[in-house]
Amino acid sequence: MSNSDKALSFAIKARAGTARAGLLRTLHGDIQTPAFVPVGTKAGVKGILPEQLRALGAQVVLANTYHLYLQPGEKIIEEAGGLAKFMGWEKMTEDGAKHGPTMTDSGGFQVFSLGAAFGRTITKIAKGEELTNEQAENRRVSVYDEDVQTKHGQLAVIDDEGVTFTSHLDGSLHRFTPERSIEIQHALGADMFFAFDECTGPTEPYEYQKEAMRRTHRWALRSLKAHRQNLAANRAQSIFGIVQGGRHEDLRSESAQEIASMDFDGFGIGGSFSKEDMHGALEAAVKYLPEEKPRHFLGIGEPGDILTGIAQGMDLFDCVAATRIGRHGTIYTKRGPINLTNEKFKNDFTPLDPEVLVPGTESFTRGYLSHLFRAKEMLGPIIASMHNVGFIIQLVDGAREAILNDTFEQYRADFMRDYYA
RNA sequence: GCGUCGGUGGCGGAGUGGUCAAUCGCACGAGACUGUAAAUCUCGCGGACAAUGUCCUACGAAGGUUCAAAUCCUUCCCGGCGCA
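This structure is a prediction, so every number in the text was calculated from the model and none was measured. (Residues numbered from 1 in each chain as written. Chains lettered and ligands numbered in written order. Predicted model: local features only at pLDDT ≥ 70, side-chain atom pairs only at ≥ 80, totals over all residues.)

**Re the environment of Ala55**
Cut-off, in case you're wondering: Strands here are runs of E lasting at least two residues and helices are runs of H or I lasting at least four, both read from the DSSP assignment and numbered beginning at the N terminus. The exposure scheme places C-beta atoms from the backbone and then counts, for each residue, the other C-beta atoms within 10 Å of its own, assigning buried at 20 or more, exposed at 12 or fewer, and partly exposed in between. Residue pairs are scored as contacts if the distance between their C-beta atoms, which are placed from the backbone, is within 7 Å.
Within the secondary structure layout, Ala55 lies in helix α2 (residues 50-56). For Ala55, a count of 15 C-beta atoms within 10 Å puts it in the partly exposed group. Separated by 24 residues in the primary sequence, Ala55 and Ile31 have C-alpha atoms spaced 15 Å apart. Ignoring anything within four residues of it in the chain, the contact list for Ala55 reads Pro359 and Gly360.

Printed below as a string of structure tokens:
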């Protein structure tokens, strides 16, 4: 048993088909799974205070390595006592224990968002067609090109060793390798963190998906090695390996087997899918992941996608959508998302969602938020973000209850029927 | 009353003889957003159509000059400023 195994334990409490409910224990507190992990990229969940997050039911938050490395720098956060303490998420409990589990993403997603996706409309969930090899090649750039940023308009360039980033903040040049990502994540000090991977775009052709996936496998091994080498100083931290493979089932299976063969504490499923291929790709991967370790569905998702993930055996979910669409005026409701900036809500004085009351936002109406958004009052984005995070957490909490009561399939079917009606 | 500057789409404000239904901003209407480059971005915003285009009606009002006027001229109306 390695030291990091002590830092993290996972026990499955109940199953409903492939879905499972479990208990994930970190040195900073327990997490009942399945769980939604609010995203606080830059050590802050946009618009929501830590105490409010707790009231909403959040058990753990996720921050980002690339962003915190650039600003304020991992040294500052290390000096502050680690991510949880730095951001005020860590809280002393009555018995003097620290509470406030955290995770960090490795920066692998920024390989995508600042690389292939930069300046384009593509997102990790595919809308477009897969590119031909030739089309993809024309987009590809080499790190040896002289002026990456101005020549190609993207801020991240990949090579087999790592990724060169041009800072989106000041244009300065930075280099991430698996070893560097792990070093930074050790300094950030989250309870759980991810191996450095390459998140590919959904339109990349099969050949490139395979190439990137195998690179991610090599990086996974290097990430793990880098973590083990520094284990003495980081015994409280646990590392998750990331499965890639795009939308292709054979690649997902290959990736899952490869990553599962490494001694990770948990697993993440990352990368891109098309909406239609998500289920198949996930199934192809999950069946090769060990039962007894936690599984995180990176960057997912929307309510329906989360329930799909839970049904297929995923335990953790993080997604920016709840806060982002909330900040932009859209809230989740049991009957589907609604855009509160629409004219029709000006005089709608019903609750945000009459069927899902979220702690701290119960007294607000759609008409009030409509006004706040129109008046550009910061309370609008704040309340909507809180509502959405609370909504998702209640959805996931409900799923957990349903798994424990063995009514999950009905729960999921009921939700889908109403939400997508 | 005299002089002077000005009156353009819901508002502000470009344009100052043809390429103008009229740059731009705001407001308004709608859409997007899935490991956050995002309190952001996109589209629409006179009217009617056989609508990737065509035709009407528009730049205070009415006349006029011109092949052609939001743009030049005349008168009138309204507003700011200055002098009485």
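That covers the picture; the talk isn't over yet.
**What to know about helix α11 (residues 249-260)**
The condition is simple: To estimate how far a helix should reach, multiply one less than its number of residues by 1.5 Å.
End to end, α11 covers 16 Å across twelve residues, agreeing with the expected 16 Å (1.5 Å per residue, within 8%). Among all positions of α11, only Leu251, Arg252, Glu254, Ser255, Ala256, Glu258 and Ile259 are buried. Considering only its buried residues, α11 is in contact with α10 (206-229), β14 (238-243), β15 (266-269) and α12 (278-286).

**Brief notes about the environment of Lys275**
Take Lys275: it is sitting in the loop between β16 (273-274) and α12. With 14 C-beta atoms counted inside 10 Å, the residue Lys275 sits in the partly exposed group. Each C-alpha atom of the pair Lys275 and Arg247 lies 9.3 Å from the other, and the pair is 28 residues apart in sequence.

**Some remarks on the packing of α10 against α11**
Axis angle and axis distance: for two packed helices, these are the angle between their axes and the distance between the axes, and together they describe the pair. Condition: Structural elements are reduced to axes, namely lines fitted to C-alpha atoms, with helices fitted over the stretch in contact, and the angle between N-to-C directions of any two is expressed from 0 to 180 degrees. For classification purposes, an angle smaller than 35 degrees is called roughly parallel, one larger than 145 roughly antiparallel, one from 65 to 115 roughly perpendicular, and anything else oblique. Polar here means any residue outside two lists: the nonpolar Ala, Val, Leu, Ile, Met, Phe, Trp, Tyr, Cys and Pro, and the charged Asp, Glu, Lys and Arg; Gly therefore counts as polar.
As a packed pair, α10 and α11 sit with axes 10 Å apart at the nearest point and diverge in direction by 10°. Considered as vectors, α10 and α11 are oriented roughly parallel to each other. Residue-level contacts link Gln209, Lys210, Met213, His217 and Ala220 of α10 to Leu251, Ser255, Glu258 and Ile259 of α11. The class makeup of the residues in the contact of α10 with α11 is four nonpolar, three polar and two charged.

**Topic: the domain arrangement of chain A**
To be explicit about the condition: The start and end points of each domain follow an automatic or database-based domain assignment.
If you check the domain split of chain A, you get domain 1 (3-319) and domain 2 (332-419). The C-alpha centroid of domain 2 is placed 27 Å from the C-alpha centroid of domain 1. Taken together, the elements giving at least two residues each to the side of domain 1 that touches domain 2 come down to β1 (8-16), β2 (19-26), β4 (35-38), α2 and α13 (303-311). No other element matches the six residues that α13 contributes to the side of domain 1 that touches domain 2. Split by residue class, the side of domain 1 that touches domain 2 holds 17 nonpolar, six polar and three charged.

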